Amino acid sequence: GLVSNGKFLTTSVPAGPAFEGVGLFSGMRAVDGAISKAWFDGKTIKFQIIGRKEAEGICASGYFDIIYLMKMFKVIDKEGNFSNKPLPFVREFVKEVNGEKAFVIKDSPYLVAVTQSDVRKFQLAKAAIYGAISTLVERTESLPQEIILSGAMGTSISITSISGLKLFPFPLKKV
């Protein structure tokens, strides 16, 4: 929703289940075993896993971080296609899974990966949100001063990742 000049406008898009992992290779809700954060510590990619040490899948906030890192380290290009020239320290993560390129985070005892199909599904869900927000901004003819993200994703999502992946059609000032 968007509040502007005393009016409240709202919209809805069917992106929530996509970000929660429905139909994604390693997708899962934000429960024990889900990768909820990923970051680069200057040497390697690190992961935060909810509730235990063994990753079983990836939840929405984890997908934002991982796909953002994939973009930053040239695993995928600006269109979301897997690149032939990822940076050297991430090449070991790029493998083939079920006949398509994938960014494999771990392969035992659970295979946890982001596939080319996952990137496409993620892009579609992101585009739905971007379009809905663009429509609200267009209707109110003003940019929001503050964004409030709620739910499990909203409490753990990285502002760097959502900004880098351009979830919103304007620069973020306060989230």
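This text goes with the structure placed above it.
Residues numbered from 1 in each chain as written. Predicted model: local features only at pLDDT ≥ 70, side-chain atom pairs only at ≥ 80, totals over all residues. Heavy atoms only, no water.

Attention shifts here to the overall build of the protein chain. In terms of helices and strands, the protein chain carries 5 helices and 8 strands. Taking 2.2 N^0.38 as the reference for a compact globule, 175 residues should give roughly 16 Å; the C-alpha atoms of the protein chain span a radius of gyration of 17 Å, in line with that estimate. Principal-axis analysis of the C-alpha atoms places the extent of the protein chain at approximately 55 × 35 × 30 Å. Residue burial in the protein chain is summarised as follows: out of 175 residues, 41% are buried. Put simply, 58% of the contacts in the protein chain that link residues at least 6 apart link residues at least 24 apart. When the accessible surface of the protein chain is summed, it comes to about 9800 Å², and 53% of that surface belongs to carbon and sulfur atoms. For the protein chain, the centre of its 22 positive side-chain charges and the centre of its 16 negative side-chain charges are spaced 5 Å apart. (Helix = DSSP H or I, 4+ residues; strand = E, 2+ residues; numbered from the N terminus. Rg over C-alpha atoms; globule rule 2.2 N^0.38 Å. Buried < 20%, exposed > 50% of the residue type's maximum accessible area, 1.4 Å probe, protein only. Contact = heavy atoms within 4.5 Å. Areas by Shrake-Rupley, 256 points an atom, 1.4 Å probe, with all protein chains shown as cover. Lys, Arg positive; Asp, Glu negative; His and termini not counted. Charge placed at Lys NZ, Arg CZ, Asp CG, Glu CD.)

Turning our attention to helix H3 (residues 116–140). A rise of 1.5 Å per residue sets the reference length of H3, with its 25 residues, at 36 Å; its end C-alpha atoms lie 36 Å apart and thus fit the reference within 8%. Inspection of H3 places Gln116, Asp118, Val119, Phe122, Ala125, Lys126, Ile129, Ala132, Ile133, Leu136, Val137 and Thr140 among the buried residues, and these make up the whole buried set. Two residues or fewer after H3 comes glutamate 141, characterised by a positive phi angle close to 55°. (Expected span 1.5 Å × (residues − 1).)

Time to look at the sheet that holds strand E7 (residues 100–106). The pairing of strands in a sheet comes from backbone hydrogen bonds and takes either a parallel or an antiparallel form. As summarised here, the arrangement of the 3 strands in space is E6-E7-E8, forming an open sheet in which the pairing is antiparallel. Edge positions in the sheet fall to strand E6 (94–97) and strand E8 (112–115), since each has one partner strand and no second. The sheet shows a mean angle of 50° between the axes of neighbouring strands, direction not considered. In this structure, E7 lies alongside E8, joined through 4 bridges in antiparallel fashion. In the strand pairing of E8, alanine 102 is matched with threonine 115. Packed onto the sheet, helix H2 (residues 60–72) meets E7 and E8 and runs at close to 60° relative to E8. Across the sheet, H3 lies against E7 and E8, angled at about 65° from E8, the strand it touches most. (Pairing = 2+ DSSP bridges. Axes fitted to C-alpha atoms, helices over the stretch in contact; angles between N-to-C directions.)

Turning to the sheet that holds strand E3 (residues 34–40), a few remarks are in order. In spatial order, the strands read E4-E3-E5; together these 3 strands make up an open sheet with mixed pairing. Lying at the two open borders of the sheet, with one neighbouring strand each, are strand E4 (45–49) and strand E5 (57–58). Pairing of E3 with E5 involves 2 bridges; the strand directions are parallel. Considered in E5, the bridge of alanine 34 is made with glycine 57.

Attention now moves to the pairing of E6. Judged from the 4 bridges that link them, E6 and E7 form a sheet pairing that is antiparallel. Counterpart to glutamate 96 in the pairing with E7 is lysine 101. The hairpin formed by E6 and E7 contains 2 residues between the paired strands, and asparagine 98 there has a positive phi angle of roughly 50°.

Scanning the entire structure with this criterion turns up 6 aromatic pairs. Judged by centre distance (4.8 Å) and plane angle (70°), the rings of phenylalanine 64 and phenylalanine 122 are edge-to-face. One end of the pair, phenylalanine 64, is in helix H2; the other, phenylalanine 122, is in helix H3, with 58 residues separating them in the sequence. Take phenylalanine 122: its relative accessible area is 5%, and that puts it in the buried class. Centroid distance phenylalanine 168 to phenylalanine 170: 5.9 Å. Interplanar angle 20°. Geometry classified as stacked. For phenylalanine 168, a relative accessible area of 8% translates into the label buried. The exposure class of phenylalanine 170 is buried, given its relative accessible area of 9%. A connected cluster of aromatic rings, assembled from ring pairs, spans Phe40, Phe73 and Phe89. (Phe/Tyr/Trp six-rings, centres within 6.5 Å; stacked < 30°, edge-to-face > 60°.)

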